[in-house]
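So you can see what is in the structure, the chains are spelled out below.
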Amino acid sequence: MRFGEFGGRFVPEMLIPPLEELEEKYEELKESEEFRRELDYLLRSYAGRPTPLYYARNLSKKTGGARIYLKREDLLHSGAHKINNTLGQALLAKHMGKSRLIAETGAGQHGVATAMAGAKLGLKVDVYMGAEDVERQRQNVFRMKLLGANVIPVKSGSRTLKDAINEALRDWSRSFEHSHYLIGSVVGPHPYPTIVRDFQSVIGKEIKAQILETEGCLPKAIIACVGGGSNAIGAFHEFIEDREVRLIGVEAGGKSIESGEHAASLSAGEKGVLHGMLSYFLQDEDGQILDTHSISAGLDYPGVGPEHAWLMETGRAEYVTASDGEALSAFMELSRTEGIIPALESAHALAYGMKLAEQLDRDDAIVVNLSGRGDKDMGIVMEVLENA
Amino acid sequence: MLEKSLVTFITAGDPSPKKTLDFMLVLERYSDVIELGIPFSDPVADGSVIQKASIRALKKGFRVRDVFEIVRGFRDHSEKKVVLMTYYNPVFRMGVEKFIRLSAEAGVDGIIAVDLPADSSREYVELCTKHGIRTIFIASPNTTDERLRVIDEASTGFVYLTSDYGTTGKRERIGERAFDLLSRAKSICRNPVGVGFGVSKEEHVRALIQAGADGVIVGSAIVELIEMYGEDADKHIEERVRELAKGLTDDPGS
């Protein structure tokens, strides 16, 4: 239930029974051969797994130093790793007899992936999205609607992801009898951080098999971006016991850490309790949660999954930041050298990956998790470049 | 802590710490316990009325320590019980013991931490007991009898029953769920029980008291008056609370 002191179940009392129900059903289903077969089939035939581990030869040459491999989660159906988790949880919801999915989304990727899973499995989908994000991510809003989901703009608070989560929790507290709250990252009350991690750990399992096949040894480092942290945990988990592999999470450094306009909860936050978990949060001295900033709406969350907090405290994983500018440069670089347009989230991981590669030898291999593709970010990038 | 009591809730610092004290002095004439909400940036257990009150207070620069000043001010005038309603993060951030100690020093009688479940609260309960602060934990209509026992065990003030699922906010009627929970709680709990969430009319109060509730908690129905009338809400609050308090008596005509 806890990762060290982190995690837990800090929610109003009425959410405890549905969380207990979820935990019980999940424990039962994850052992079920039939459930695993069903999910495996969906991941292969519908989502497009396994994704390739691609050697970015041009980028590696240009960067110098270690060989950079990209785990191509951007090639999945929906364009991001989010689909691994939404298919898993939607299937779980269906087995629990729920008829409706509630989701919240920042950049829209999780909303789109939930809408797809809902459409595929015949579940009604309501997606809460900060009003600000509805404006920033109009294409994804349109996609969700096309997929039959209902998008509810949230006008309270900072009108971004954290407020959408608040609304989703409120909805769930009155509708849990027939609705499943499909949390999109390794955050929230127990058992969500574990469930989402389990569904995302397919990423690391594939990386391990693929890199052993290509390189014959494990990589020096695995690098992934961290907002809530689901793609990072997914990539890291299989390697936690392999101490020789550095696990590096890259948070959104925004304009800069000093400016306060960022979303780096582990690098610049404090321990706290929000959205059902004890973890690190950006907050003031009174424990009021602060607004965040990132060029990437998908990283724009003031907290982080509790397992990351634990991996940081135990020293097993390192957490660093990449600024908006560094992410944007990496975004352009990958587009030009490899013909791959990454999501702005993934561009954060890439920015640090390139920096690290420079410091390593040609014999070393590192893996950057390319968690999503950049199509959704065209509007933001165009705006930034036009104003530059 | 409750004996056929009306518990009234307002948000501290809305619209200002000074007015909060004035409103408390109105409330104490009709209620046995005043519940003061500590404004929080992300109040997921609350509906829009109380959420907006939190935002109003925070925008005016309300700090958590202001609540202790308000209670201290109130203690100069009244012996009525004051309980703080808070999310856990402000408590955790200040340091659990420090928060409880400052509450006790200010004259607070009890604390409700809405997102701290009874079964993860041992240290918190021990610290509250050490400083003479009563603990109040919440039970909901879907709480099992087994958990009701755990909640009752952790509570030293009263057990707060929510009348329905969802968040705080006025409801047209108090449904069967509330009465089912009330009757289960009365047979299980050694603490007095109060019912809140959705209570907004004299007949709600009367029905719950007649069904055995030791107290009835009213929040949004008062806070909405502060939203409407701001600094001038005193007489509107007085009218509404006087009306609600009539529900404590058996006779609708009294």
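Residues numbered from 1 in each chain as written. Chains lettered and ligands numbered in written order. Predicted model: local features only at pLDDT ≥ 70, side-chain atom pairs only at ≥ 80, totals over all residues. Heavy atoms only, no water.

Labelled according to an unreviewed UniProt entry, chain B appears under the name Tryptophan synthase alpha chain, originating from Geoglobus acetivorans. Turning to chain B, the UniProt record has this under Catalytic activity (unreviewed entry): "(1S,2R)-1-C-(indol-3-yl)glycerol 3-phosphate + L-serine = D-glyceraldehyde 3-phosphate + L-tryptophan + H2O". Within the UniProt record for chain B, the comment given under Pathway (unreviewed entry) is "Amino-acid biosynthesis; L-tryptophan biosynthesis; L-tryptophan from chorismate: step 5/5." (UniProt positions renumbered as here; feature names shortened; annotations may be inferred.)

Chain A is annotated in an unreviewed UniProt entry as Tryptophan synthase beta chain of Geoglobus acetivorans. Database annotation for chain A, UniProt heading Catalytic activity (unreviewed entry): "(1S,2R)-1-C-(indol-3-yl)glycerol 3-phosphate + L-serine = D-glyceraldehyde 3-phosphate + L-tryptophan + H2O". Its UniProt record gives chain A the following Sequence similarities (unreviewed entry) comment, quoted word for word: "Belongs to the TrpB family."

Let's shift gears to the sheet that holds strand β8 (residues 215–218) of chain B. Residue and element names in this part refer to chain B. Pairing is parallel in the closed barrel, where eight strands are placed in the order β1-β2-β3-β4-β5-β6-β7-β8. The sheet shows a mean angle of 25° between the axes of neighbouring strands, direction not considered. Inspection of the sheet shows strand β3 (residues 81–86) paired to strand β4 (residues 110–113) by four bridges, in the parallel sense. For Val83, the partnering residue across the bridge sits in β4 and is Gly110. In this fold helix α1 (residues 17–27) packs onto β1 (5–11), β2 (33–37) and β3, with an angle of close to 165° to the strand it touches most, β1. Relative to β3, helix α3 (residues 64–75) is tilted by about 170°, and along the sheet it contacts β2 and β3. (Pairing = 2+ DSSP bridges. Helix = DSSP H or I, 4+ residues; strand = E, 2+ residues; numbered from the N terminus. Axes fitted to C-alpha atoms, helices over the stretch in contact; angles between N-to-C directions. Contact = heavy atoms within 4.5 Å.)

All names here are of chain B. In this structure's numbering, the residues bearing the UniProt feature "active site" (unreviewed entry) are Glu35 and Asp46. Lining residues of the second largest cavity, restricted to the annotated ones just named, are Glu35 and Asp46. With respect to the helices and strands, Glu35 occurs in strand β2. Judged by relative accessible area, Glu35 falls into the buried class, the value being 3%. Contact partners of Glu35, with chain neighbours within four places excluded, come to Val7, Thr8, Phe9, Ile10, Val83, Met85, Ile112, Tyr160 and Ile217. Within the secondary structure, Asp46 sits in the loop between β2 and α2 (48–59). (1 Å grid on protein atoms, 1.4 Å probe; cavity = no way out; pocket = protein on both sides within 12 Å on 5 of 7 lines; lining within 4 Å. Buried < 20%, exposed > 50% of the residue type's maximum accessible area, 1.4 Å probe, protein only.)

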